[in-house]
Every structure is written in structure tokens, then in C-alpha cells.
Amino acid sequence: MRRLDANLAAYVFLTLLAMVAVADWADPSAPQEQGCRVGYVYDGDSVELVCGDMRETARLLDIDTPELEGRCPAETAAAQAAKRALAGLVKGASGVEVQIEGRDRYGRPLIRLTLDGKDAAALMIAAGQGRGYDGGPRAGWCG
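Quick caveat: nothing in here was measured; it's all calculated off a predicted structure.

Draft legend 1. Representation of the side chain of Arg-59 within the structure. With respect to the element layout, Arg-59 can be found in strand β3 (residues 54-60). For Arg-59, a relative accessible area of 8% puts it in the buried group. The contacts of Arg-59, once residues within four sequence positions are left out, are Asp-45, Ser-46, Asp-64, Asp-104, Arg-108, Pro-109, Leu-110, Ile-111, Tyr-133 and Arg-138.

Draft legend 2. Examining the layout of surface pockets more closely. A volume near 400 Å³ is recorded for the largest pocket. Residue composition of the lining of the largest pocket, by class: five nonpolar, two polar and 10 charged. As for the second largest pocket, its lining consists of Asp-64, Thr-65, Glu-67, Glu-69, Gly-70, Arg-71, Glu-75, Arg-138, Ala-139, Gly-140, Trp-141 and Cys-142. Its residues placed into classes, the lining of the second largest pocket shows three nonpolar, three polar and six charged.

Draft legend 3. Expanded view of the pattern of salt bridges. Applying the stated rule across the entire model yields 11 salt bridges. Note that Glu-101 is salt-bridged to Arg-112, the shortest N-O span being 3.2 Å. Separated by 11 residues along the polypeptide, Glu-101 in strand β5 (residues 96-103) and Arg-112 in strand β6 (residues 109-115) bring together distant segments of the chain. The exposure class of Arg-112 is partly exposed, given its relative accessible area of 25%. Each of Asp-45, Arg-59, Asp-64, Glu-67, Arg-131 and Arg-138 takes part in a single network of salt bridges with overlapping partners.

Draft legend 4. Seen up close, the packing of aromatic side chains. Under the criterion given, the structure shown has one aromatic pair. Seen in terms of ring centroids, Tyr-40 and Tyr-42 are 5.4 Å apart; in terms of plane orientation they differ by 65°. Their pairing is edge-to-face. Here Tyr-42 falls in the partly exposed class, since its relative accessible area comes to 30%. We note Arg-131 situated over the ring of Trp-141; from NZ or CZ to the ring centre the distance is 3.5 Å.

Draft legend 5. Structural view of the pairing of β3. In the sheet, strand β2 (residues 46-51) pairs with β3 via six bridges, with the strands oriented antiparallel. Within β3, the position partnered with Ser-46 by the bridge is Arg-59. Between β2 and β3, which pair antiparallel one after the other, the connecting turn spans two residues, and Gly-52 there sits at a positive phi close to 65°. By the bridge criterion, two bridges tie β3 to β6 in an arrangement that is parallel.

Draft legend 6. Representation of the state of the cysteines within the structure. Enumeration according to the criterion identifies two disulfides in this entry. Paired by a disulfide, Cys-36 and Cys-51 hold their sulfur atoms 1.9 Å apart. Because the torsion about its S-S bond is 105°, the bridge between Cys-36 and Cys-51 counts as right-handed. Placement of Cys-36 in strand β1 (residues 36-43) and of Cys-51 in strand β2 is noted, with a sequence separation of 15 residues between them. In this structure Cys-51 comes out as buried when scored by relative accessible area, which is 16%. Disulfide partner of Cys-72: Cys-142, at an S-S distance of 2.2 Å. A torsion of -105° about the S-S bond marks the disulfide between Cys-72 and Cys-142 as left-handed. Separated by 70 residues along the polypeptide, Cys-72 in the loop between β4 (63-64) and α2 (73-92) and Cys-142 in the segment after β8 (131-132) bring together distant segments of the chain. The cystine pairing of the chain, numbering bonded cysteines in sequence order, is 1-2, 3-4.

Definitions and cut-offs
For every chain, the first residue of the written sequence is number 1, and numbering continues from 1 onward in sequence order. Per-residue local features of the predicted model are confined to residues with pLDDT of at least 70, and side-chain atom pairs are confined, for both listing and counting, to 80 or more; whole-chain, interface and lining totals are unaffected and use all residues. Based on all heavy atoms of the structure, the side-chain values leave hydrogens and waters out of the count. Every helix listed is a DSSP run of H or I at least four residues long, and every strand listed is a run of E at least two residues long, numbered separately from the N terminus. Relative accessibility thresholds used throughout: buried, under 20% of the residue-type maximum; exposed, over 50%; partly exposed, between the two (1.4 Å probe, protein chains only). Only heavy atoms enter the contact rule, under which two residues are in contact if any of them lie within 4.5 Å. Grid points spaced at 1 Å and placed over the protein atoms alone form the basis of the search, with a cavity being a set where a 1.4 Å probe fits but cannot get out and a pocket an open set showing protein on both sides within 12 Å along at least five of seven lines. Lining residues have an atom within 4 Å of a point. Grid points are joined across faces, edges and corners, and a volume is the space filled by probe spheres set on the points. Under the convention adopted here, Pro, Cys and the residues Ala, Val, Leu, Ile, Met, Phe, Trp and Tyr are nonpolar, Asp, Glu, Lys and Arg are charged, and Gly plus all remaining residues are polar. For salt bridges, the criterion is a side-chain nitrogen of Lys or Arg within 4 Å of an Asp or Glu carboxyl oxygen. Here a pair means two rings of Phe, Tyr or Trp (six-membered ring of Trp) with centres within 6.5 Å. Their orientation is stacked below 30 degrees between planes, edge-to-face above 60, and tilted elsewhere. Comment: the charge-over-ring label is applied if NZ (Lys) or CZ (Arg) is within 6 Å of the ring centre and within 35 degrees of the ring normal. Strands pair, by our definition, only if DSSP identifies at least two bridges between them. Disulfide assignment relies on a single distance test, namely cysteine sulfur atoms paired within 2.5 Å.

Pasting the structure below:
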């Protein structure tokens with residue numbers, strides 16, 4: 001009976017450890033200005049903005065990244081890399097600030113995301129994960 005109890009305890013412990021790891025990966029958050037924080041990273045330029053009980057998709061200012069449902073395999077792969085890069089930057093930052101600077105034509109908040117005092121969009125662009133964007137027409141990613 002003790003062998004079964006030890007196996008059950010190990011199973012429960014490992015399951016809980018995996019759940020914590022998944023929750024930590026899915027929610028790379030830190031307290032934010034304006035009572036908001038970053039929840040989930042959707043892609044290289046969109047995140048879940050959590051303000052109290054309200055959650056909505058927000059768009060980072062000054063950057064355009066490839067789309068996850070790209071027009072070609074290269075765009076999809078680049079989009080997945082950009083998503084991982086932004087999630088890693090948010091997760092690795094000890095200071096994360098969100099500044100809401102308006103809304104886009106779809107009603108999403110437009111945010112300036114600052115990580116350890118550095119603009120997240122500028123960091124992503126410098127790393128080759130996106131390009132500058134001023135709100136005009138966007139170029140394709142499929143060459």
C-alpha cells in the first residue's frame with residue numbers, strides 16, 4: 001500500500017509542477033501602471049491587457065510583426081518566432097510598464113510597452129522580429 005501512496009504522491013506533485021509551469025508560461029505578468037498588466041502574448045505585436053477584471057486584446061505601438069495565419073509558410077514561422085521573442089522579453093523583464101495611448105480602428109487599446117525601461121517595440125525591431133509601423137499600409141512578409 002505504501003508503494004501505491006508514494007507513486008500517487010509523486011504523480012500529484014509532478015502534475016501540480018507541470019500546471020504551475022504552464023500557468024507561468026501562459027501568463028508572463030508583472031504589475032503595471034494604470035492598474036494594467038500583460039496577460040497572454042498573442043503574437044509579436046498583440047497582447048492580452050488585463051486591467052482589474054477587464055481583459056482585452058491590445059496592440060503595441062510602432063511595430064508590425066508577421067501574422068500567425070500568414071500568407072506563406074515563411075510568414076507563419078516568422079510570426080511564431082516573434083511571438084516567442086515578445087513572450088520571452090516580457091517574462092524576463094523585472095520592470096514592465098503599460099501606457100495606453102488610444103485605440104485603433106478595431107477598438108483595441110494601443111499601448112506602449114516598456115520593459116526594464118526600454119521600449120518593447122524597439123527591442124523587437126532591433127532583434128529582427130518586426131519592423132517599424134506608423135499606422136499606414138503594411139507591407140507583406142512573403143518576399
